[in-house]
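This is what each chain is made of:
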Amino acid sequence: MSYRIVILTSSPNKDGLTAACGRALREGAAGAGATVDLIDLNSYNVGRCQACGTGYGTCRTEHRCQVEDDFQALNERLIGADAYAVVTPVYWGDLSESAKAFLDRVRRCEATAREASRLASKPCIGVAAAGGSGAGTITCLFSMQQFMNHVRSEVFDLITITRKSRVYKLEAIEAAAKAMVEYMRQKAAQ
Ligand SMILES: Cc1cc2nc3c(=O)[nH]c(=O)nc-3n(C[C@H](O)[C@H](O)[C@H](O)COP(=O)(O)O)c2cc1C
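Model, not experiment: these values are computed from the prediction. (Residues numbered from 1 in each chain as written. Predicted model: local features only at pLDDT ≥ 70, side-chain atom pairs only at ≥ 80, totals over all residues.)

Asker: Explain the sheet that holds strand β5 (residues 154-161) here, please?
Answerer: Across a sheet, paired strands are connected by hydrogen bonds in the backbone, their directions being either parallel or antiparallel. Across the sheet, five strands lie side by side as β2-β1-β3-β4-β5; this open sheet has parallel pairing. For this open sheet the edge positions go to β2 (35-40) and β5, each flanked by a neighbour on one side alone. Each strand axis lies, on average, 15° off the axis of its neighbour in the sheet, ignoring direction. Sheet topology note: the strand β1 (residues 4-9)/β2 ladder contains six bridges and is parallel. From the neighbouring strand, I5 faces β2, where its bridge partner is V36. Packing against the sheet, helix α3 (residues 71-79) makes contact with β1, β2 and β3 (83-89), and its axis sits at approximately 150° to β2. (Pairing = 2+ DSSP bridges. Helix = DSSP H or I, 4+ residues; strand = E, 2+ residues; numbered from the N terminus. Axes fitted to C-alpha atoms, helices over the stretch in contact; angles between N-to-C directions. Contact = placed C-beta atoms within 7 Å.)

In C-alpha cells form, the structure reads like this:
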C-alpha cells in the first residue's frame, strides 16, 4: 500500500533551513515508497482565525472554517493524508506566523470533532528549525505537540535542528520520515 504524506513548511525563506528539512522529509518518505505532497504555507493566502461569533463559528458546529481563503483547499489536502509532518522556523520560541495561522484553524475544525477528528491517530512529525542559538526550540515543539494532541494525532517524533546541528539532524529527519512510513506499514500488517 502506498501512503500519502503531507509535509507542511512555513518559512518565507525558500532556500533556508526549513526548506532543507522539508526536502529531507520528502526524500525519507518517498524513499520508503510514500506519495509526498509538499506544501509551502507561505506561498498561500491563509489568514488568521477570526474567532467568529463570541469565540466559535462553524468550526464548532460543522467542523469547517467559514473564513474563505486558501485554507479550505489546503486543509482538504492535509486531512486526506495518511500521515503528516510540520516544519517551522523558530520565531520567538514559537511557530512561524504562517504555521500558526494555518494550524490554529485546523485545530478549531478538528479538535471540536473530538474522536471524529480527521487527523485522529494519524502519525506525524514536528520539526523546529532554529538559528544559531537554538533558544526556543523546546517551547516551539511544545506548541507543535499541543496542536497534535488537540487534534488527536499520533506523535511519531518531535525534532529540533539548528544551524550548528544541520548536517547530522538533516540525516535524522530523513530517517524519521522513512521510519514513520515503515511504522505505518507494520501497524497495518498487524
Ligand atoms: C522573527 C524571528 C524570530 C526568531 N526567533 C528565534 C528564536 O527564538 N530562537 C532561535 O534560535 N532562532 C530564532 N530566529 C532565527 C530563525 O529560527 C532561523 O533563522 C531559522 O533558520 C529560520 O528558518 P529559515 O532558514 O527557514 O528561514 C528568529 C528569526 C526571526 C526572523
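Back to the text.
Asker: What's the story with the packing of α3 against helix α4 (residues 97-111) in this structure? I'm lost.
Answerer: To characterise two packed helices, one gives the angle between the axes of the helices and the distance between these axes. Where α3 meets α4, the axes come as close as 11 Å, and the angle between the chain directions of the two elements is 70°. As judged from the angle between their axes, α3 and α4 are roughly perpendicular. As α3 runs across α4, the sense of the crossing is right-handed. Contacts between α3 and α4 involve F71, L74, N75 and L78 on the former and, on the latter, F102, R105, V106 and C109. Per-class residue counts for the contact of α3 with α4 are six nonpolar, one polar and one charged. (Parallel < 35°, antiparallel > 145°, perpendicular 65-115°, else oblique. Left-handed = near helix turned anticlockwise from the far one by under 90°. Nonpolar A, V, L, I, M, F, W, Y, C, P; charged D, E, K, R; others polar.)

Asker: Looking at this model, I keep getting lost on the pairing of β5. Mind explaining?
Answerer: Along any regular strand, the residues point their side chains to alternate faces of the sheet. Pairing geometry for strand β4 (residues 123-129) and β5, over seven bridges, is parallel. Looking across to β5, one finds that C124 is bridged to V155. One crossover worth recording links β4 to the parallel β5 by way of helix α5 (residues 137-150), and it is right-handed. (Right-handed = clockwise from strand over helix to strand, strands pointing away.)

Asker: Honestly, the nonpolar core in this entry has me stumped. Any pointers?
Answerer: Nonpolar side chains tend toward joint burial in soluble globular proteins. Counting 54 residues, the largest nonpolar core has I5, Y84, A85, I125 and V127 as its most contacted members. Top contributing element to this core by residue count: helix α6 (residues 166-189), with six residues. Residue contacts for I5: discarding those within four places in its chain leaves A29, A34, V36, A81, D82, A83, Y84 and A85. (Core = buried A, V, L, I, M, F, W, Y, C linked by C-beta atoms within 7 Å. Buried ≥ 20, exposed ≤ 12 C-beta atoms within 10 Å, placed from the backbone.)

Asker: Mind showing me how you'd approach the packing of helix α1 (residues 17-31) against α6 here?
Answerer: Where α1 meets α6, the axes come as close as 7 Å, and the angle between the chain directions of the two elements is 35°. You can see that α1 and α6 cross each other, and the crossing is right-handed. Between α1 and α6, the residues in contact are L17, A20, C21, A24, L25, E27, G28, A29 and G31 and R166, L170, I173, E174, A175, A176, A177, K178 and V181, respectively. Looking at side-chain class alone, the contact of α1 with α6 contains twelve nonpolar, two polar and four charged residues.

Asker: Even after reading the chapter, I still don't get α4, so can you show me in this structure?
Answerer: What sets the pattern is the α-helix's 3.6 residues per turn: residues three or four places apart point alike. With 15 residues, α4 extends 20 Å from end C-alpha to end C-alpha; this agrees with the ideal 21 Å at 1.5 Å per step. When we look at burial in α4, the residues that qualify are S98, A99, F102, L103, R105, V106, R108, C109 and E110. Looking at the buried positions of α4, the neighbouring elements they touch are α2 (58-61), α3, β3 and α5. (Expected span 1.5 Å × (residues − 1).)

Asker: Help me understand α3, please; the structure alone is not making it clear to me.
Answerer: Listing the buried residues of α3 in full gives F71, L74 and L78. When α3 is viewed along its axis, its buried side chains cluster within an angular range of 75° and face the same direction. Along α3, the residues that are exposed and aim more than 90 degrees away from the buried face are A73 and E76. In this structure, the buried residues of α3 make contact with β1, β2, β3 and α4. (Arc of directions from axis to C-beta.)

Asker: Any chance you could explain unusual backbone geometry here in plain terms?
Answerer: Note: most residues except glycine have negative phi, and most peptide bonds are trans. Even without being a glycine, A51 presents a positive backbone phi close to 45°. One can find A51 in the loop between β2 and α2. Residue class for A51 comes out exposed when judged on the 12 C-beta atoms lying within 10 Å of it.

Asker: Teacher, can you tell me more about the environment of G93 here?
Answerer: Summarising the element assignment, G93 is placed in the loop between β3 and α4. What makes G93 partly exposed here is the crowd of 15 C-beta atoms within 10 Å. Sequence separation of G93 and T139 is 46 residues, and the distance between their C-alpha atoms is 5.7 Å.

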